[in-house]
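Survey of secondary and tertiary structure
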Amino acid sequence: MTSMETTRQFDRGVLPVSHFGLNWPDFFAKYPLPDVFSETVYLWDRGRLQDLQNERFKEILKLGWSNAYYRELWSSAGVRPDHVQSLGDIARLPTYNTDDIKTNQDAFPPFGSITGVSPSDFGKQPMKVQTSGGTTGKPRPTLFGQLEWEMNALSSARGLYIQGARPGDVAQIPATCSLANLGWGIYKACHDYLGVMPLTTGSGVVTPTRRQIEMAFDFGTNIWVSFPEYFSQLAKVCKAELNRDFSEMNCKFISTFLGPDTDGALRSYLQQTLGAKVYDNYGINEIALGSFECPHQSGLHIMEDLFLFEIVDIETGAPLPDGQTGNIVVTSLCRTIPPIIRLNTRDLGRIVGTERCDCGSHFRRMDHFLGRSDDMVRMRGVNIYPMACLATVRSDERSTGEWLCVAERTEKAGVIGESLTIRIEVKKNAASREGLVEHMERRLKEDLGLRVAVELVDEGELTEFTNFGKEGKARRLLDLRRKT
């Protein structure tokens, strides 16, 4: 081989090749790899961590003022650059939500001016588009530049590493690598950052559930990442069709998204059924993984070197003290395409831990995801959140654990009213349904503060909603009032 051929062999060319897109030593110095992270930033004291947050927040602020969307949003609210100079001033900035993003994307299709880039920039660096699940309407696209796509994987890898993932493990991912984010983030986390073999089986539609289990036994799956609803299906099919217990896999752990499992009933059921420790996580399309449980399962550690989480009043937007439930407002300290600065997720949450965790981390800890404030239905002056039904629905072993809240208009003797019915699935092998309606209605009245009707339905009848999008992401509210 001549010297000219050798030179040409390593010529980078002019294409935006991902391998050359980042300064990797600088990237990993700023955002440590999972094992380094677990021994450094994850264990920093509050003062050092807050200094880092403040430094990165100032960088994000500069980016915000150079972004047309944020500049208009902030200026319209009467905010000037000198009004917000440090993290202590963050509440002076207005929040925005996904409806605002959709409005911006309609005005500047397809991704909105909030991205800070235009289609002419797409060929300058590797980019990826992901979308929300569409449970609250048309799926919402989010653009990822190369930095954001790497952080999508690195944040997921950190959570999995803290939970126990190590090189040589096999992680099965029953979440399709599609426009949804979960499958991609976990795949890339395992493949690129952990030395874990990702088994990308996709959802039960892509790989039938029986085949998922067969592959798990054949390939030695010892970690699973998916939604709770699908784990119930996996365990059921494993026993019914293979005559084996899921626990025979001897999994190291299950990583999932428990939702408002405040009494621990869902986790207890899954751990007993699956024979492995179950860890909760929280994330959204715009930031990927935002918080995760450590082995002590005492709240979800917010990844505070990457994100700021605020809890604000649902009505006023005012910051709430630790322990109170409100909307989660997120600011990313690492995203640039698009910047995420005080996004009101309308997900309900609360801070449950600020002291040092037994794992050694000083990261603040949040409770399980508690539902969505925009899923709230108001009935006879009472605010009802569909996810508040979870404990009741799963309080009787005859229930499959699936439910749907149906709000409807009513008319009686010319008087217009409204009703809320909770449809609850009953297992096929339930010995009887005697007393079940009365039990559920009594418990729901206690939990919701309002008398509601219960309608029992056969197992599988709610699948269209409880396995929304065929990825195991459940929809819990059907508001028929909006159609009248």
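What comes next concerns the included structure.

Rules used throughout
Residues numbered from 1 in each chain as written. Predicted model: local features only at pLDDT ≥ 70, side-chain atom pairs only at ≥ 80, totals over all residues. Heavy atoms only, no water. Helix = DSSP H or I, 4+ residues; strand = E, 2+ residues; numbered from the N terminus. Rg over C-alpha atoms; globule rule 2.2 N^0.38 Å. Buried < 20%, exposed > 50% of the residue type's maximum accessible area, 1.4 Å probe, protein only. Contact = heavy atoms within 4.5 Å. Areas by Shrake-Rupley, 256 points an atom, 1.4 Å probe, with all protein chains shown as cover. Polar contact = N/O pair within 3.5 Å; in protein donor to acceptor, adjacent residues only side chain to side chain. Pairing = 2+ DSSP bridges. Axes fitted to C-alpha atoms, helices over the stretch in contact; angles between N-to-C directions. Salt bridge = Lys/Arg side-chain N within 4 Å of Asp/Glu carboxyl O. Phe/Tyr/Trp six-rings, centres within 6.5 Å; stacked < 30°, edge-to-face > 60°. Lys NZ or Arg CZ within 6 Å of the ring centre and 35° of its normal. Core = buried A, V, L, I, M, F, W, Y, C linked by side-chain atoms within 4.5 Å. Parallel < 35°, antiparallel > 145°, perpendicular 65-115°, else oblique. Nonpolar A, V, L, I, M, F, W, Y, C, P; charged D, E, K, R; others polar. Lys, Arg positive; Asp, Glu negative; His and termini not counted. Patch = residues over 30% accessible without salt bridge, like charges linked within 9 Å, V, L, I, M, F, W, Y side chains within 5 Å. Arc of directions from axis to C-beta.

Looking at the overall build of the protein chain
Helix and strand content of the protein chain: 14 helices and 20 strands. Whereas a compact globule of 484 residues would reach a radius of gyration of roughly 23 Å, the protein chain reaches 24 Å, a difference of no more than 12%. Expressed as lengths along the three principal axes of its C-alpha atoms, the size of the protein chain is roughly 85 × 60 × 45 Å. Put simply, the protein chain has 484 residues, and 51% of those count as buried. Taking the intrachain contacts of the protein chain between residues at least 6 apart in sequence as the baseline, contacts between residues at least 24 apart amount to 66%. Within the structure as shown, the protein chain displays about 21,800 Å² of accessible surface, and the carbon and sulfur contribution to it stands at 51%.

Points about the side chain of Ser-332
Assignment of secondary structure puts Ser-332 in strand β11 (residues 326-332). Within the structure, the side chain of Ser-332 is placed 2.9 Å from the backbone nitrogen of Arg-335, a separation counted as a polar contact. Residue contacts for Ser-332: discarding those within four places in its chain leaves Ile-60, Leu-306, Phe-307 and Ile-340.

Observations concerning the sheet that holds strand β12 (residues 343-349)
Read across the sheet, three strands follow the order β10-β11-β12 without closing on themselves; strand pairing throughout is antiparallel. Every other strand in the sheet has two partners, leaving β10 (307-312) and β12 as the edge strands with one partner each. Sheet twist, expressed as the mean angle between neighbouring strand axes with direction ignored, is 35°. Here four bridges tie β11 to β12, and the two strands are oriented antiparallel to one another. Looking at β12, one finds that Val-329 is bridged to Asn-344.

Examining the pattern of salt bridges
This structure, assessed with the given rule, holds 29 salt bridges. The residue Glu-59 makes a salt bridge to Lys-30 at a minimum N-O spacing of 3.6 Å. Of the two residues, Glu-59 sits in helix α4 (residues 46-65) while Lys-30 sits in helix α2 (residues 24-30), which places them 29 residues apart along the sequence. Look at Glu-59 and you get partly exposed, because its relative accessible area is 37%. Here Glu-150 makes a salt bridge to Lys-188, at a shortest N to O gap of 3.2 Å. With Glu-150 in helix α7 (residues 146-163) and Lys-188 in helix α8 (residues 182-194), this residue pair connects regions lying 38 residues apart in the sequence. Comparing Glu-150 with Lys-188 shows no difference in burial state: the two are buried.

Things to note about the packing of aromatic side chains
The tally for this structure, following the rule as stated, stands at 23 aromatic pairs. Judged by centre distance (5.6 Å) and plane angle (85°), the ring pair of Trp-24 and Phe-27 falls under edge-to-face. One end of the pair is Trp-24 and the other is Phe-27, both in helix α2 and three residues apart, which spans about a single turn. Judged by relative accessible area, which is 21%, Trp-24 ranks as partly exposed. Exposure remark for Phe-27: the relative accessible area of 5% places this residue in the buried category. Look at Trp-65 and Trp-74: their rings are 5.1 Å apart centre to centre, the planes differ by 75°, and that puts the pair in the edge-to-face class. A residue is classified by how much of its surface remains accessible, and Trp-74, at 0% relative accessible area, is buried. Here the aromatic residues Trp-24, Phe-27, Phe-28, Tyr-31 and Tyr-193 are joined through ring pairs into a cluster of three or more. A cation over an aromatic ring shows up here: Arg-166 above the ring of Tyr-161, its NZ or CZ 3.7 Å from the ring centre.

Notes on the nonpolar core
Counting residues in each nonpolar core, the largest one holds 73 residues, and the members touching the most others are Phe-57, Leu-160 and Phe-309. If one sorts the elements of this core by residue count, α7 sits on top with eight residues. In this view, Leu-160 contacts Ala-165, Ile-186, Ala-189, Cys-190, Leu-194, Val-225, Phe-253 and Ser-255; residues no more than four positions away in its chain are not counted. In this structure, Ile-384, Leu-444, Leu-456 and Leu-477 belong to the second largest nonpolar core, which totals 23 residues.

Side note on the packing of α7 against α8
Between α7 and α8, whose axes approach to 8 Å, the crossing angle comes to 75°. Looking at the two axes, α7 sits roughly perpendicular to α8. Mapping the contact onto sequence places Trp-149, Glu-150, Asn-152, Ala-153, Leu-154, Ser-156, Ala-157, Leu-160 and Tyr-161 in α7 and Trp-184, Gly-185, Ile-186, Lys-188, Ala-189, Cys-190, Tyr-193 and Leu-194 in α8. Residues that form the contact of α7 with α8 fall into these classes: twelve nonpolar, three polar and two charged.

Describing the side chain of Arg-56
Tracing the backbone shows Arg-56 in helix α4. One buried charged residue, Arg-56, forms no salt bridge at all, with the nearest opposite charge on Asp-305 at 4.2 Å. Reaching out from Arg-56, the side chain makes a polar contact with the backbone oxygen of Asp-305 at a distance of 2.7 Å. Those residues in contact with Arg-56 that sit more than four places away from it in its chain are Lys-30, Tyr-31, Asp-305, Leu-306 and Leu-333.

Quick look at a nonpolar patch on the surface
A contiguous nonpolar patch, built from Val-14, Leu-15, Val-17 and Phe-20 and spanning about 430 Å² of accessible area, is present on the exposed surface. Take Val-14: it is sitting in the loop between α1 (3-9) and α2.

What to know about the sheet that holds strand β9 (residues 300-302)
Pairing within the open sheet is mixed, and its nine strands lie in the order β4-β3-β5-β6-β7-β8-β9-β14-β13. Edge strands, defined here as strands with exactly one partner in the open sheet, are β4 (197-199) and β13 (351-353). Where helix α10 (residues 228-242) meets the sheet, its contacts fall on β5 (223-225) and β6 (253-256), and the angle it forms with β6 comes to roughly 140°. Contacting β6, β7 (277-284) and β8 (288-293), helix α11 (residues 265-274) runs over the sheet at an angle of about 130° to β7.

A few points about the environment of Ala-175
Positionally, Ala-175 belongs in the loop between β3 (170-172) and α8. In this structure, the C-alpha to C-alpha distance between Ala-175 and Leu-258, residues 83 residues apart in sequence, is 16 Å.

Focus on α11
Given 3.6 residues per turn, any residue in an α-helix points the same way as the ones three and four places further on. Here α11 has its buried residues at Leu-266, Arg-267, Leu-270 and Leu-274. Along the axis of α11, the buried positions cluster into a sector of 100°, meaning they face one direction only. Looking at the buried residues of α11, the elements they touch are α10, β6, β7 and β8. One or two steps after α11, the chain reaches Gly-275, where phi turns positive at roughly 70°.

Just distances and angles here, no functional claims.
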